[in-house]
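# Structure at a glance
Listed below, chain by chain, are the residues.
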Amino acid sequence: MSDVDLEVRQLRYFVAVAEELNFGRAAVNLRMAQPPLSRAIKELERRLGVTLLERTTRQVTLTPAGESLLRDARVVLDAVEAAVRRAQNAGRPQPVLRVALKADYDAGMLPRILDEFRRDPAAIPVEVLLGGRGDQVAALRDGRADVGLMPGPFDERGLDTESLLTEPRVVALPAGDPLAAHTELCLADLAGRTQPSGAPADRADSGEVVPARQLDLAQIFNLIEIGSMVLFTPVSVARRHQRPTIAYRPVRDLGPSTLKVAWPQDSHSSAVAAFVRICGTVAASTGDLPTGNLQHGTMSAGEQPDGVLDLIQGATRADA
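Described below are features of the structure shown in this document. What you see is a predicted model; the values in this text were computed from it and never measured.

## Some words on the overall build of the chain
Each helix and strand in the chain was counted, giving 10 helices and 11 strands. At a minimum sequence separation of 6, the contacts of the chain that also span at least 24 residues come to 72%. Counting only carbon and sulfur atoms, one obtains 50% of the accessible surface of the chain, whose full area is about 15,900 Å².

## What about empty space enclosed by the protein?
All told, the structure shown has 1 cavity of 30 Å³ or more when counted by the stated rule. The computed volume of the largest cavity comes to approximately 70 Å³. Lining the largest cavity are D104, Y105, D106, A107, P151, L165, E167, P234, S236, V237, S257 and L259. Elements with a minimum of two residues in the lining of the largest cavity: β6 (159–167), α8 (235–240) and β10 (257–264). Of the residues belonging to the lining of the largest cavity, the class tally is 7 nonpolar, 2 polar and 3 charged.

## So, the nonpolar core
In terms of nonpolar packing, the biggest core is built from 25 residues, with L164 and F275 touching the most fellow members. Of all elements in the fold, only β3 (97–101), α5 (110–118), β5 (147–151), β6, β10 and α9 (270–286) reach the threshold of two or more residues within this core. Discounting chain neighbours no more than four positions away, the residues touching F275 are L97, V99, I113, L114, F117 and V147. One finds A16, A26, A27 and L70 within the second-largest nonpolar core, a separate group that totals 21 residues.

## What about helix α3 (residues 34–48)?
End to end, α3 covers 21 Å across 15 residues, agreeing with the expected 21 Å (1.5 Å per residue, within 8%). Within α3, burial applies to L37, S38, A40, I41, L44 and E45. Buried residues in α3, looked at end-on, bunch into an arc of 160°, giving them a common side. Exposed residues lying more than 90 degrees from the buried face of α3 are R39, K42 and R46. Where α3 ends, the next residue or the one after it, G49, has phi of about 75°, a positive value.

## A few points about the layout of surface pockets
Of the pockets and cavities examined, the largest pocket occupies roughly 390 Å³. Around the largest pocket sit 16 residues that line it, and V75, D78, R141, R157 and G158 are the ones nearest its centre. For the lining of the largest pocket, the secondary structure elements donating two or more residues are α4 (64–90) and α6 (135–141). The element contributing the most residues to the lining of the largest pocket is α4, with 8 residues.

## With respect to the side chain of K260
By secondary structure assignment, the location of K260 is in strand β10. Assessed through its relative accessible area of 16%, K260 is described here as buried. Within the structure, the side chain of K260 is placed 2.7 Å from the side chain of E156, a separation counted as a polar contact. Dropping the residues within four chain positions of it, K260 is found in contact with G148, L149, M150, F154, E156, T161, E162, S163 and L164.

## A look at the packing of α5 against α9
Put simply, α5 and α9 touch, their axes get as near as 9 Å, and they point 130° apart. Regarding the angle of α5 to α9, the classification is oblique. In this structure, the crossing between α5 and α9 has a hand that is right-handed. Here R112, I113, L114, E116 and F117 of α5 come into contact with α9, specifically with A271, A274, F275, I278, C279, V282, S285 and T286. When grouped by side-chain class, the residues that make up the contact of α5 with α9 number 9 nonpolar, 2 polar and 2 charged.

## Notes on the pairing of β5
With 5 of 5 residues buried, β5 is to be regarded as a mostly interior element. Residues V147, L149 and P151 line one face of β5 and the alternating positions G148 and M150 line the opposite face, and both faces are buried. Summarising the sheet, β3 and β5 pair through 3 bridges and their orientation is parallel. Across the sheet, the residue bridging to V99 is V147, located in β5. One ladder, built from 4 bridges, connects β5 with β10; its direction is antiparallel.

Rules and cut-offs
- Residues numbered from 1 in each chain as written.
- Predicted model: local features only at pLDDT ≥ 70, side-chain atom pairs only at ≥ 80, totals over all residues.
- Heavy atoms only, no water.
- Helix = DSSP H or I, 4+ residues; strand = E, 2+ residues; numbered from the N terminus.
- Contact = heavy atoms within 4.5 Å.
- Areas by Shrake-Rupley, 256 points an atom, 1.4 Å probe, with all protein chains shown as cover.
- 1 Å grid on protein atoms, 1.4 Å probe; cavity = no way out; pocket = protein on both sides within 12 Å on 5 of 7 lines; lining within 4 Å.
- Points joined across faces, edges and corners; volume = space filled by probe spheres on them.
- Nonpolar A, V, L, I, M, F, W, Y, C, P; charged D, E, K, R; others polar.
- Core = buried A, V, L, I, M, F, W, Y, C linked by side-chain atoms within 4.5 Å.
- Buried < 20%, exposed > 50% of the residue type's maximum accessible area, 1.4 Å probe, protein only.
- Expected span 1.5 Å × (residues − 1).
- Arc of directions from axis to C-beta.
- Polar contact = N/O pair within 3.5 Å; in protein donor to acceptor, adjacent residues only side chain to side chain.
- Axes fitted to C-alpha atoms, helices over the stretch in contact; angles between N-to-C directions.
- Parallel < 35°, antiparallel > 145°, perpendicular 65-115°, else oblique.
- Left-handed = near helix turned anticlockwise from the far one by under 90°.
- Pairing = 2+ DSSP bridges.

Below, the structure written as structure tokens:
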């Protein structure tokens, strides 16, 4: 077992230099002078007994040892930051359960989940953290959130998850788009179109594709209306955002969306456990999502393509 005693400060200094590969820029980012930063890295190398950075007058490069330490140091720093935030939350006069999610991506279940949770003996006040796609996983890992509701797939490393609901996805198009005249599409029909993430719309096999973080749904729908992009979205989101200028169409080779609840694997919070249990109970009692009247461009409810209604009615609970 190694007796090397490292400080968090040293790891933070090393990561700053390793990411910039420039001592001057790293020093600016750390708000410190360059000479003490250089001395700190040399002391770290002395303690470890290895060279982490190769330095020349022209460049700084990582050695294999440096690359290895960089990977692990990032994990350590994230864990320390998460531990601090969780401890600060637990030490509040009134701790809260911080729930991370993307607005509208809860299949309409969040109000009922929160209502049921408030009546649970383990309940504490809830703070909802809204963010873009991917923000929920980051918030769980760095300690900003205790539990998250999000569509899969996502990187589940270090997290426990439970699938709640699986529902079909549709594509959102301008109502005047020639493709809107079809009752059903395939991904090949969407060749040349782009999604808000910038990915080609004819390639959706990687899973759920949702708006870029810097855009909200209102902005996305404005861009769809003028033909700048298309959007693959769960039917529950489509049902909430009906516009006469937007047409929703089923895409037969587009995979479904699965809503999951996720929490850190090392969580021992009774409030988190109660919230997860209630999410599963609410999802189980939801059954098939209500059909409702999903507007499709200028079509009336009675003129909706049968394929769309079949897709909406096909939303089912996940078995997990």
